[in-house]
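Each chain, letter by letter, is given below.
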Amino acid sequence: MKKSAAERILMFLKMRGEATSLLISEELAITKEGARKHLLNLAQEDLIRSVIKSEGVGRPSTYYVLTEKGLAQFPDTHADITVQLLRSVKNLLGENALDLLINDREKNTYQRYEKALSEAKNLEQRLEILSKIRSEEGYMAEWKKEGKEYLLIENHCPICAAAAECQGFCRAELSNFQALIGSEYKVDRIQHILSGGSRCVYKVSRI
């Protein structure tokens, strides 16, 4: 089903974090006037807000970002029931049982990812496959190279509520990425949704 222009703008802002009306019009192939109209409507619905940035010489630029209401258009997967189940496990069986649950999920995820990455011949192929898998799972993942380093970017977290309840999920994911990328590289999480970031970003550096 084809998305409306407004839905595409929300998706673009979710992926980019922020963007000007000009960039939005260019990326979505709509007129500047059309982009401004949609942005005005989205702002009136409290789905986006504007941020003024001074960028050296010249007039300040207006960027648009998602509000909390806008971010809520990309919800967690079954958030409420997941949190309830985690709390029940913790209350009935204790923290150790919750750790065992997370460790088992981490192990199963690693095995599934490792199989998918088995034919990758270099780091970029590994990142490409990993980004595709994570996107299929709802993380809206992508990767890019910046100088000698690589970034694995996850623009959404479909288990954010579960991770907020138990940050062992985040520790397990970082551990898995490090193991999957390989011992010749170091993986650091440099942005984190649960720490107030708009997305999770992992920096991959050669050791």
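We now turn to the structure provided with this report. (Residues numbered from 1 in each chain as written. Predicted model: local features only at pLDDT ≥ 70, side-chain atom pairs only at ≥ 80, totals over all residues. Heavy atoms only, no water.)

## Some words on the overall build of the protein
In step 1: In terms of helices and strands, the protein carries nine helices and six strands.
In step 2: Each principal axis of the C-alpha atoms in the protein carries an extent, and together these give about 55 × 40 × 35 Å.
In step 3: Per-residue burial over the protein gives 40% buried out of 207 residues.
In step 4: Long-range pairs, those at least 24 residues apart, make up 47% of the contacts in the protein between residues at least 6 apart in sequence.
In step 5: Of the roughly 12,500 Å² of accessible surface on the protein, a fraction of 51% belongs to carbon and sulfur atoms.
In step 6: Averaging the positions of the 31 positive and the 29 negative side-chain charges in the protein gives two centres separated by 3 Å. (Helix = DSSP H or I, 4+ residues; strand = E, 2+ residues; numbered from the N terminus. Buried < 20%, exposed > 50% of the residue type's maximum accessible area, 1.4 Å probe, protein only. Contact = heavy atoms within 4.5 Å. Areas by Shrake-Rupley, 256 points an atom, 1.4 Å probe, with all protein chains shown as cover. Lys, Arg positive; Asp, Glu negative; His and termini not counted. Charge placed at Lys NZ, Arg CZ, Asp CG, Glu CD.)

## Examining the pairing of strand β3 (residues 141-146)
In step 1: Here β3 pairs with strand β4 (residues 149-154) via six bridges, running antiparallel. Looking at the pairing, K144 lines up with L151 of β4.
In step 2: Counted between consecutive antiparallel strands, the loop separating β3 from β4 contains two residues, among which G147 sits at a positive phi close to 65°. (Pairing = 2+ DSSP bridges.)

## Description of the layout of surface pockets
In step 1: Reported here for the largest pocket is a volume of approximately 300 Å³.
In step 2: For the largest pocket, the lining is made up of 15 residues, of which K14, L71, I193, G197 and S198 are closest to its centre.
In step 3: For the lining of the largest pocket, the secondary-structure elements that each account for two or more residues are α1 (5-16) and β2 (61-66).
In step 4: In terms of residue class, the lining of the largest pocket is built from eight nonpolar, five polar and two charged. (1 Å grid on protein atoms, 1.4 Å probe; cavity = no way out; pocket = protein on both sides within 12 Å on 5 of 7 lines; lining within 4 Å. Points joined across faces, edges and corners; volume = space filled by probe spheres on them. Nonpolar A, V, L, I, M, F, W, Y, C, P; charged D, E, K, R; others polar.)

## Some thoughts on empty space enclosed by the protein
Empty space among the atoms becomes visible once a probe the size of a water molecule is rolled across them.
In step 1: One pass over the structure, following the stated rule, counts one cavity of 30 Å³ or more.
In step 2: If you add up the space inside the largest cavity, you get close to 80 Å³.
In step 3: Lining the largest cavity are 14 residues, and of these C157, C170, E173, H192 and C200 sit closest to its centre.
In step 4: Of all the secondary-structure elements, those providing two or more residues to the lining of the largest cavity are α8 (160-165), α9 (168-181) and β6 (200-206).
In step 5: By residue class, the composition of the lining of the largest cavity is ten nonpolar, one polar and three charged.

## Describing the pattern of salt bridges
In step 1: All told, the structure shown has eight salt bridges when counted by the stated rule.
In step 2: The residue R126 makes a salt bridge to E184 at a minimum N-O spacing of 3.6 Å. Of this pair, R126 sits in helix α7 (residues 123-136) while E184 sits in the loop between α9 and β5 (185-191), and the two are 58 residues apart along the sequence.
In step 3: Here R134 and E173 are joined by a salt bridge, their closest N and O atoms 3.2 Å apart. Of this pair, R134 sits in helix α7 while E173 is found in helix α9, placing the two residues 39 residues apart along the sequence. When sorted by exposure, R134 lands in the same class as E173, which is buried.
In step 4: Shared partners join several salt bridges into a network, and the residues in it are R112, R134, E137, E154 and E173. (Salt bridge = Lys/Arg side-chain N within 4 Å of Asp/Glu carboxyl O.)

## Quick notes on the nonpolar core
In step 1: Formed by 32 residues in total, the largest nonpolar core has its most connected members in L123, L130, F169, I181 and V204.
In step 2: Breaking this core down by element, the ones donating at least two residues are α5 (79-93), α6 (95-116), α7, β4, α8, α9, β5 and β6.
In step 3: For this core, the element with the highest residue contribution is α9, accounting for six residues.
In step 4: Beyond its immediate chain neighbours, meaning those up to four positions away, L123 contacts Y150, I181, Y185 and V204.
In step 5: Judged by nonpolar contacts, the second largest core, of 17 residues, contains I9, L13, L42 and I48. (Core = buried A, V, L, I, M, F, W, Y, C linked by side-chain atoms within 4.5 Å.)

## A few points about helix α3 (residues 32-44)
In step 1: Given a rise of 1.5 Å per residue, 13 residues ought to cover 18 Å, and the 18 Å separating the end C-alpha atoms of α3 matches this to within 8%.
In step 2: Along α3, the residues classified as buried are G34, A35, L39 and L42. Projected onto a plane normal to the axis of α3, the buried residues spread over an arc of 130° and lie on a single side. Exposed side chains of α3 directed beyond 90 degrees from the buried face belong to E33, K37, L40 and Q44. (Expected span 1.5 Å × (residues − 1). Arc of directions from axis to C-beta.)

Any functional reading would require information beyond the geometric quantities listed.
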